[in-house]
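Residues per chain are reported as follows:
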Amino acid sequence: VVDLLEQDGRFLAHARAELPAKRIGQCICAPLQSAQLALGEADGGGAGYQLVWVQWVLNYLTDDDLVAFLRRAAAALAPAIVGRGALIVVKETHVRHGTAQWVDEEDASLCRSQEQFEALFARAGLEVRAHELEHGMPAAMLPVRMWALAPCASGEVEQRAQAE
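The rules we used
Residues numbered from 1 in each chain as written. Predicted model: local features only at pLDDT ≥ 70, side-chain atom pairs only at ≥ 80, totals over all residues. Heavy atoms only, no water. Phe/Tyr/Trp six-rings, centres within 6.5 Å; stacked < 30°, edge-to-face > 60°. Helix = DSSP H or I, 4+ residues; strand = E, 2+ residues; numbered from the N terminus. Buried < 20%, exposed > 50% of the residue type's maximum accessible area, 1.4 Å probe, protein only. 1 Å grid on protein atoms, 1.4 Å probe; cavity = no way out; pocket = protein on both sides within 12 Å on 5 of 7 lines; lining within 4 Å. Points joined across faces, edges and corners; volume = space filled by probe spheres on them. Nonpolar A, V, L, I, M, F, W, Y, C, P; charged D, E, K, R; others polar. pLDDT = per-residue confidence, 0-100. Contact = heavy atoms within 4.5 Å. Pairing = 2+ DSSP bridges. Right-handed = clockwise from strand over helix to strand, strands pointing away. Axes fitted to C-alpha atoms, helices over the stretch in contact; angles between N-to-C directions. Core = buried A, V, L, I, M, F, W, Y, C linked by side-chain atoms within 4.5 Å. Salt bridge = Lys/Arg side-chain N within 4 Å of Asp/Glu carboxyl O.

Draft legend 1. Spatial organisation of the packing of aromatic side chains. All chains considered together, the criterion is met by three aromatic pairs. Between Phe 117 and Trp 147, the aromatic rings sit 5.2 Å apart at their centres with planes inclined by 45°, giving tilted as the arrangement. Of this pair, Phe 117 sits in helix α3 (residues 114-123) while Trp 147 is found in strand β8 (residues 144-151), placing the two residues 30 residues apart along the sequence. For Phe 117, a relative accessible area of 0% corresponds to the buried category. Connected via pairs of aromatic rings, a cluster forms that spans Phe 117, Phe 121 and Trp 147.

Below, the structure written as structure tokens:
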């Protein structure tokens, strides 16, 4: 079962119309900046998520909003399998290595570097378990990368927060 988070109700309505009903849990209509991930209502309550998939949206958030959302997503992961598989997967475009971040004023997005993303993941208390560049993309496009993230041990989170 998949819960959907989208700020545009029309997209959620379209998803409900196109996807098999037995595959859809909650449809949460809210922006990432304020979305609260309600745990496990579709499966009887409280279990948490085994996977939170975030794609093509983080470039529209400020650094602070991005970190806050990832912290809420990490808190919504299934506690029984944290450290054994519960993950947040992020798929985003990023600037090429050695290039400064840039703002696309046409669509109000901020394209960060891989290093900037990874620093924000660390601020959110997440560690990168794996990452991979998507292959086969047109050369004119910015690189697309996927990161598999998991919550750090609590001591590591506190040390990283103090280092800031």
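Draft legend 2. Structural view of the layout of surface pockets. Each pocket or cavity is described by its volume, and for the second largest pocket that value is around 150 Å³. Looking at the lining of the second largest pocket, the elements with two or more residues in it are β4 (87-93), β5 (102-104) and β6 (109-111). Within the lining of the second largest pocket, the residues separate by chemical class into five nonpolar, three polar and three charged.

Draft legend 3. Structural context of the confidence of the model for the chain. For the chain, the mean per-residue pLDDT works out to 87, and 85% of the residues sit at or above 70. Within the chain, the lowest mean pLDDT, 48, falls on helix α4 (residues 154-163), and the highest, 97, falls on α3. Long-range and interchain partners of residues 155-162, a stretch whose pLDDT sits below 50, account for seven contacts in this model, where long-range means more than four residues apart.

Draft legend 4. Just the pairing of strand β1 (residues 2-6), in detail. As defined by bridge partners, β1 adjoins strand β2 (residues 24-29) across four bridges and the pair is classed as parallel. Counterpart to Glu 6 in the pairing with β2 is Cys 29. In this fold, the crossover linking β1 to β2 by way of helix α1 (residues 9-18) has right-handed handedness.

Draft legend 5. Quick peek at the sheet that holds β8. Across the sheet, which stays open at both edges, the four strands sit in the order β3-β4-β8-β7 with mixed pairing between neighbours. Pairing within the sheet leaves two strands with one partner each, and these edge strands are β3 (51-55) and β7 (126-133). The mean angle between the axes of side-by-side strands here comes to 20°, regardless of whether they run parallel or antiparallel. Here β3 pairs with β4 via five bridges, running parallel. Bridged to Val 54 within β4 is Val 90.

Draft legend 6. Expanded view of unusual backbone geometry. Positioned with a positive phi, Trp 56 is a non-glycine residue whose angle comes to about 65°. Looking at the element boundaries, Trp 56 is found in the loop between β3 and α2 (63-75). For Ala 108, which is not glycine, the phi torsion reads 60° and is therefore positive. As for its position among the elements, Ala 108 is in the loop between β5 and β6. Residue Ala 108 is classed as exposed on the basis of its relative accessible area of 58%.

Draft legend 7. Inspection of the environment of Phe 11 at higher detail. By the secondary structure assignment, Phe 11 is in helix α1. In this structure, the C-alpha to C-alpha distance between Phe 11 and Cys 29, residues 18 residues apart in sequence, is 9.4 Å.

Draft legend 8. Representation of the nonpolar core in the model. Counting 28 residues, the largest nonpolar core has Leu 58, Leu 70, Ile 88, Val 90, Phe 121 and Leu 126 as the members making the most contacts within it. Secondary structure elements with two or more residues in this core: β3, α2, β4, α3 and β8. Per-element tally for this core: the top contributor is α2, with six residues. Excluding anything up to four places from it in sequence, Val 90 contacts Val 54, Leu 58, Leu 70, Phe 121, Arg 145, Met 146, Trp 147 and Leu 149.

Draft legend 9. Representation of the pattern of salt bridges in the model. For the structure shown, the criterion picks out five salt bridges. Across the pair Asp 63 and Arg 112 runs a salt bridge, and its minimum N-O distance is 3.0 Å. Taken together, the residues span a long stretch of sequence, with Asp 63 in helix α2 and Arg 112 in the loop between β6 and α3 at a distance of 49 residues. Given a relative accessible area of 32%, Asp 63 falls into the partly exposed group. Notably, a salt bridge pairs Arg 123 with Asp 64, separated by 2.8 Å at the nearest N-O pair. In this pair, Arg 123 is assigned in helix α3 and Asp 64 in helix α2, connecting sequence segments 59 residues apart. Judged by relative accessible area, which is 52%, Asp 64 ranks as exposed.

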